[in-house]
Amino acid sequence: MQYFQAVQQGKLRASKSQMKMFDVAGFAMLTLTTKKIDGKFHPVGEEEFTAVINSPDGYIAVIVDKDGFTKAQSKAVEKEEAISIYKKLRDTGIEEYPEKEIQIWSETRPTIQNEISG
């Protein structure tokens, strides 16, 4: 697949995730539309999983594909609010991302939603 095609297809997929994030969080930013695997560009996957990560500005709820590439994110908020957004996404039927790390922009970040106490 050519880069341009991957971007177009990925943008459609990521935009759907962005709208779901917007519906539960009131804000949503589109993140990645493509992923590079074995030197080739691919659109982000259609699958949707959710997780919470820590950022320099706070905590962020994310929607990722099966490979952990972030398609949409909330704004940086307090940990409790990020967990609340995560739970609302789970309530819509989006499953928890099962791995320990996700890919956002050019960084790999650990997921923290499992640090929920109680």
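Higher on the page you've got the structure.
Attention in this report is confined to the structure presented alongside it. Here the structure is a predicted model, which is why all the values come from computation and not from measurement.

**As for unusual backbone geometry**
For step 1, the next point in the chain: We note that Asp38 has phi near 55°; this positive angle belongs to a residue other than glycine.
For step 2, the next point in the chain: For Asp38, the location among the structural elements is in the loop between strand 2 (34–37) and strand 3 (40–43).
For step 3, the next point in the chain: Here Trp105, not a glycine, exhibits a phi torsion of approximately 50°, which is positive.

**Here's the deal with the packing of aromatic side chains**
For step 1, the next point in the chain: This structure, assessed with the given rule, holds two aromatic pairs.
For step 2, the next point in the chain: Taken together, a centroid distance of 4.7 Å and an interplanar angle of 75° make the contact between Tyr3 and Phe41 edge-to-face. With a gap of 38 residues between them, Tyr3 in helix 1 (residues 3–25) and Phe41 in strand 3 connect regions that are remote in the sequence.
For step 3, the next point in the chain: Residue Tyr3 is classed as partly exposed on the basis of its relative accessible area of 48%.
For step 4, the next point in the chain: By relative accessible area, Phe41 is classed as partly exposed at 32%.
For step 5, the next point in the chain: Taken together, a centroid distance of 6.1 Å and an interplanar angle of 70° make the contact between Phe49 and Tyr97 edge-to-face. Residue Phe49 is located in strand 4 (residues 49–55), and its partner Tyr97 is located in the loop between strand 7 (95–96) and strand 8 (101–104); the two are separated by 48 residues in the primary sequence.
For step 6, the next point in the chain: By relative accessible area, which is 17% here, Phe49 ends up buried.
For step 7, the next point in the chain: Note on Tyr97: relative accessible area 4%, which makes it buried.

**Concerning the packing of helix 1 against helix 2 (residues 79–91)**
For step 1, the next point in the chain: Where helix 1 contacts helix 2, the two axes come as close as 9 Å, and the packing angle between them is 120°. It follows from the interaxial angle that helix 1 and helix 2 lie oblique. Taken as a pair, helix 1 and helix 2 cross one another with a handedness that is right-handed. Together, Lys20, Met21, Val24 and Ala25 of helix 1 and Ile85, Lys88 and Leu89 of helix 2 make up the contact between the two elements.
For step 2, the next point in the chain: When its residues are assigned to classes, the contact of helix 1 with helix 2 shows five nonpolar, no polar and two charged.

**A look at helix 2**
For step 1, the next point in the chain: In this model helix 2 runs 18 Å from its N-terminal to its C-terminal C-alpha over 13 residues, within 8% of the 18 Å that 1.5 Å per residue would give.
For step 2, the next point in the chain: Every buried residue of helix 2 is accounted for by Ala82, Ile83, Ile85, Tyr86 and Leu89. Summarising the axial view, the buried residues of helix 2 lie within an arc of 160°, below the 170-degree limit, and thus occupy one face. Opposite the buried face of helix 2, at more than 90 degrees from it, the exposed residues are Glu80 and Asp91.
For step 3, the next point in the chain: Of the residues one or two after helix 2, Gly93 is the one with positive phi, at around 105°.

**Let's talk about the side chain of Gln73**
For step 1, the next point in the chain: With respect to the helices and strands, the residue Gln73 is situated in strand 6 (residues 70–73).
For step 2, the next point in the chain: Not counting the four nearest positions on each side in its chain, Gln73 is found in contact with Met21, Phe27, Ala28, Met29, Thr31, Ile60, Ala61, Val62, Ile104 and Trp105.

**Things to note about the pairing of strand 9 (residues 107–110)**
For step 1, the next point in the chain: Of the pairings in the sheet, the one linking strand 8 to strand 9 comprises four bridges and is antiparallel in character. By the bridge assignment for strand 9, Ile102 is matched with Arg109.

The rules behind the values
- Per chain, residue numbering runs from 1 following the sequence as it is written.
- Residue-level local features of this predicted model are given only where pLDDT is at least 70; pairs of side-chain atoms are given and counted only at 80 or more, and the full residue set underlies all totals for whole chains, interfaces and linings.
- In computing side-chain values, all of the structure's heavy atoms are included and hydrogens and water are not.
- Elements are defined by DSSP. Helices are runs of H or I of four residues or more, strands are runs of E of two residues or more, and each kind is numbered from the N terminus.
- Pairing of aromatic rings covers Phe, Tyr and the six-membered ring of Trp, with a centre-to-centre limit of 6.5 Å; geometry is then stacked below 30 degrees between planes, edge-to-face above 60, and tilted otherwise.
- Here the term buried applies to any residue with accessible area under 20% of the maximum for its type, exposed to any over 50%, and partly exposed to those in between, with areas from a 1.4 Å probe on protein chains only.
- Helix axes use the C-alpha atoms of the stretch in contact, all axes being lines fitted to C-alpha atoms, and the angles between their N-to-C directions lie in the range 0 to 180 degrees.
- Each angle is binned into one of four classes, with values under 35 degrees roughly parallel, values over 145 roughly antiparallel, values of 65 to 115 roughly perpendicular, and all other values oblique.
- For a crossing to be left-handed, the near helix must be turned anticlockwise from the far one by less than a right angle; the clockwise case is right-handed.
- Contacts are assigned to residue pairs that have any heavy atoms within 4.5 Å of one another.
- Under the scheme applied here, ten amino acids are nonpolar (Ala, Val, Leu, Ile, Met, Phe, Trp, Tyr, Cys and Pro), four are charged (Asp, Glu, Lys and Arg), and all others, including Gly, are polar.
- In this analysis, the expected span of each helix is defined as 1.5 Å times one less than the number of residues it contains.
- For this quantity, the arc is that covered by the directions from the helix axis to the C-beta atoms.
- By definition, two strands form a pair when at least two bridges between them are found by DSSP.

Read these as spatial facts, not as claims about activity.
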